[in-house]
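One letter stands for each residue in the lines below.
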Amino acid sequence: MSDVPPNLTWERAAPPDATGPGPWIEIAFGEGQGDDDGEAPVYLRETSDPDTVVTTNRRKWDAFVLGVQAGEFDHFVEGVEELENPPHA
């Protein structure tokens, strides 16, 4: 994890009413050459393993988010029923 800046601000991707340690995905945006720098780094980690960090760039992250919003990944959850009472440890 030596190439990950130590001063990142991690945002937890969890429902607003979620409590407990998760596991949740956390996202941090690194510095770039400007607000529209598509090569600026984006870091992802899971709360249960914060030392393992995946790095991509802002251009790829934005494309992924747009794909999720457009339903391009819905087939990955077909047949998976939502938990009525998700565990909030």
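In the block above lies the structure referred to throughout.
Description of the pattern of salt bridges
Turning to step 1, where the next piece is worked out: Per the counting criterion, the structure on display carries four salt bridges.
Turning to step 2, where the next piece is worked out: A salt bridge links Glu 26 to Arg 45; the nearest nitrogen and oxygen atoms lie 2.7 Å apart. With Glu 26 in strand β2 (residues 25-29) and Arg 45 in strand β3 (residues 41-46), this residue pair connects regions lying 19 residues apart in the sequence. Grouping residues by exposure puts Glu 26 and Arg 45 together as buried.
Turning to step 3, where the next piece is worked out: When the shortest N-O distance is used, the salt bridge between Glu 39 and Arg 59 registers 3.1 Å. With Glu 39 in the loop between β2 and β3 and Arg 59 in helix α1 (residues 58-69), this pair connects stretches of sequence that are 20 residues apart.

A short note on the packing of aromatic side chains
Turning to step 1, where the next piece is worked out: Counting across every chain of the model gives three aromatic pairs.
Turning to step 2, where the next piece is worked out: Between Trp 61 and Phe 64, the aromatic rings sit 5.7 Å apart at their centres with planes inclined by 40°, giving tilted as the arrangement. Placement of both Trp 61 and Phe 64 in helix α1 is noted, with a separation of three residues, approximately one turn of the helix.
Turning to step 3, where the next piece is worked out: If you follow Arg 45 out to its NZ or CZ, it ends over the ring of Trp 10, 3.9 Å from the centre.

Cut-offs and rules
- Residues numbered from 1 in each chain as written.
- Predicted model: local features only at pLDDT ≥ 70, side-chain atom pairs only at ≥ 80, totals over all residues.
- Heavy atoms only, no water.
- Salt bridge = Lys/Arg side-chain N within 4 Å of Asp/Glu carboxyl O.
- Helix = DSSP H or I, 4+ residues; strand = E, 2+ residues; numbered from the N terminus.
- Buried < 20%, exposed > 50% of the residue type's maximum accessible area, 1.4 Å probe, protein only.
- Phe/Tyr/Trp six-rings, centres within 6.5 Å; stacked < 30°, edge-to-face > 60°.
- Lys NZ or Arg CZ within 6 Å of the ring centre and 35° of its normal.

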